[in-house]
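Tertiary structure, described
What follows is each chain in one-letter form.
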Amino acid sequence: MSRFVDRVVIHAAAGDGGHGCASVHREKFKPLGGPDGGNGGKGGDVVLVVDSQVHTLLDFHFRPHASAGSGKAGAGANRDGANGADLELRVPDGTVVMTEDGEVVADLVGEGTRLIAARGGRGGLGNASLASKARKAPGFALLGEPGESRDLVLELKSVADVGLLGFPSAGKSSLISVLSAAKPKIADYPFTTLVPNLGVITAGATVFTMADVPGLIPGASEGKGLGLDFLRHIERCAVLVHVVDCATYEDNRDPLSDIDALETELAQYTPSLSKDLAERPRVVVLNKIDVPEARDLAEIVRADVEARGLPVFEISTATREGLRELTFALARVVEEYRASRPVQESTRIVLRPTAVDDQGFTVVEDPEEEGGFIVRGERPLRWIKQTDFSNDEAVGYLGDRLARLGVEDVLIKMGAVPGAQVTIGDLVFDWEPSTPAGIAAATLTGRGTDARLEPSNRVGAGERLAAKKARRLPGSYGDWVEAAEEDV
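As the structure is a computational prediction, the values presented were derived from the model and not from experiment.

**Considering the pattern of salt bridges**
Applying the stated criterion across every chain yields a total of 17 salt bridges. A salt bridge links Arg150 to Glu148, with the shortest nitrogen-to-oxygen separation between them at 3.9 Å. Among the residues examined, Arg150 registers a relative accessible area of 24% and is labelled partly exposed. One salt bridge in this structure joins Arg382 and Glu378, with 3.8 Å as the shortest N-O distance. A residue pair is termed a helical-turn pair when its members lie 3 or 4 positions apart in one helix, as Arg382 and Glu378 do in helix α8 (residues 378–386) at four residues. The exposure class assigned to Arg382 is buried, which follows from its relative accessible area of 12%. The network of salt bridges with common partners includes Glu88, Arg90 and Arg114.

**Some words on unusual backbone geometry**
Phi angles above zero are rare outside glycine, and Asn78 is one such case at about 60°. Its location among the elements puts Asn78 in the loop between β3 (65–67) and β4 (87–91). The phi angle at Arg320 is positive, at roughly 65°, despite the residue not being glycine. Counting through the fold element by element, Arg320 comes out in the loop between β14 (312–314) and α7 (323–340).

**Section: the UniProt feature "binding site: Mg(2+)" (unreviewed entry) in the protein**
The UniProt feature table records "binding site: Mg(2+)" (unreviewed entry) at Ser173 and Thr193. Here Ser173 shows up in helix α3 (residues 172–179). On the accessibility criterion, Ser173 (8% relative accessible area) is buried.

**Quick notes on the packing of aromatic side chains**
Per the counting criterion, the structure on display carries one aromatic pair. The interplanar angle of 50° and the centroid separation of 5.2 Å between the aromatic rings of Phe140 and Tyr397 together place this pair among those described as tilted. On the criterion of sequence distance, the pair formed by Phe140 in the loop between α2 (127–130) and β8 (149–156) and Tyr397 in helix α9 (residues 392–405) is long-range, its members being 257 residues apart. Grouping residues by exposure puts Phe140 and Tyr397 together as buried.

Procedures and definitions
Residues numbered from 1 in each chain as written. Predicted model: local features only at pLDDT ≥ 70, side-chain atom pairs only at ≥ 80, totals over all residues. Heavy atoms only, no water. Salt bridge = Lys/Arg side-chain N within 4 Å of Asp/Glu carboxyl O. Buried < 20%, exposed > 50% of the residue type's maximum accessible area, 1.4 Å probe, protein only. Helix = DSSP H or I, 4+ residues; strand = E, 2+ residues; numbered from the N terminus. UniProt positions renumbered as here; feature names shortened; annotations may be inferred. Phe/Tyr/Trp six-rings, centres within 6.5 Å; stacked < 30°, edge-to-face > 60°.

Laid out in structure tokens, this is it:
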């Protein structure tokens, strides 16, 4: 038996970036071949793509986990790793993407609309790309950035022009079946329709779609019956049609009370949408007039319904009486609604330059650690993830990057003292003022080492502060140490 699923939770995991390679070119009679480590490949993205051939979220119900390919690691001889393959997930037109907290991420409407649900990690740079005048042969490479992982809620809201509302067995499915090629299940018992049905209807030059909602009953907005779970499918409709059963045998029901009950459930469905839905055009269809008693009742209540300002049509899906007039009337309302809507502009690229005073990071005091600080910002967080902390030279390079970014200067201005706890992402360390950025390369003793991390070459925190205060920026680490000692 086929199933209709219109709400699922997916776990999207993008691919990790490939690690960079730390390699030195080796060739006979060429002892100084230089670094030749290639870059790692970018991780694949998880992308949601609207496909008109997909009509349900059933696939994600059975396979909620989606993972893209990871990038390959770089190699020697300047060989870059391959990029990870993107994973494209086909979703129905009208899918709304939300976070687990209910925040709307995107509303996917229109064939081919794309959304990157999770971004792949950047590939790490190889040592060939990290070489500079100050660091001619880096003995390290950057790690690949982990891919983004997100839990997202997908909710399908059918893109239909006409929405049919009514009590169980009012004839909604029969109406769609005679106006379109749709073949919904039809039977003589309540709640035959368990899922929304969608049909395409042609009226002259106008083509529009029609959807029905499983039977509504009083209390549906509180969870009774089935209609509450599918009311979201009428949110995009241009016109709402009340299908009223004039041949019902229930003593406590009549066409006017049925209409009032349906309007009450619409108003209570979603408070944020009730005003918008209340402004949608309404049409009342008095159904089953092929039954003599139903025809008499329809003629009696017609004037009362029209007094409410609602168009009324008397029809019979069994004999197809009144269907032509109804079809063309709905087409006119749909055309008027479409004409009143703003024209969708083509996608434009908006460039928002970074503010002049934007440093790219922020430093705040740690509320849980007295005298501690937290560094936030996209670049510092990414650099932490790309650093191999088992390699002293890589750690020194991270310190240089943070110093060039201005993190150390901000910490000093905020009153950070040597030994203060600093947190950047998952990294927690005791901060000590470092040397001016970029001078460590002059004193590297070997690949993968950094003179600043050697115990015998470290300078006291007080000496470093004194040197910074005196604004001494000599060209080598040794000279800087001597200058610090003179200041002290």
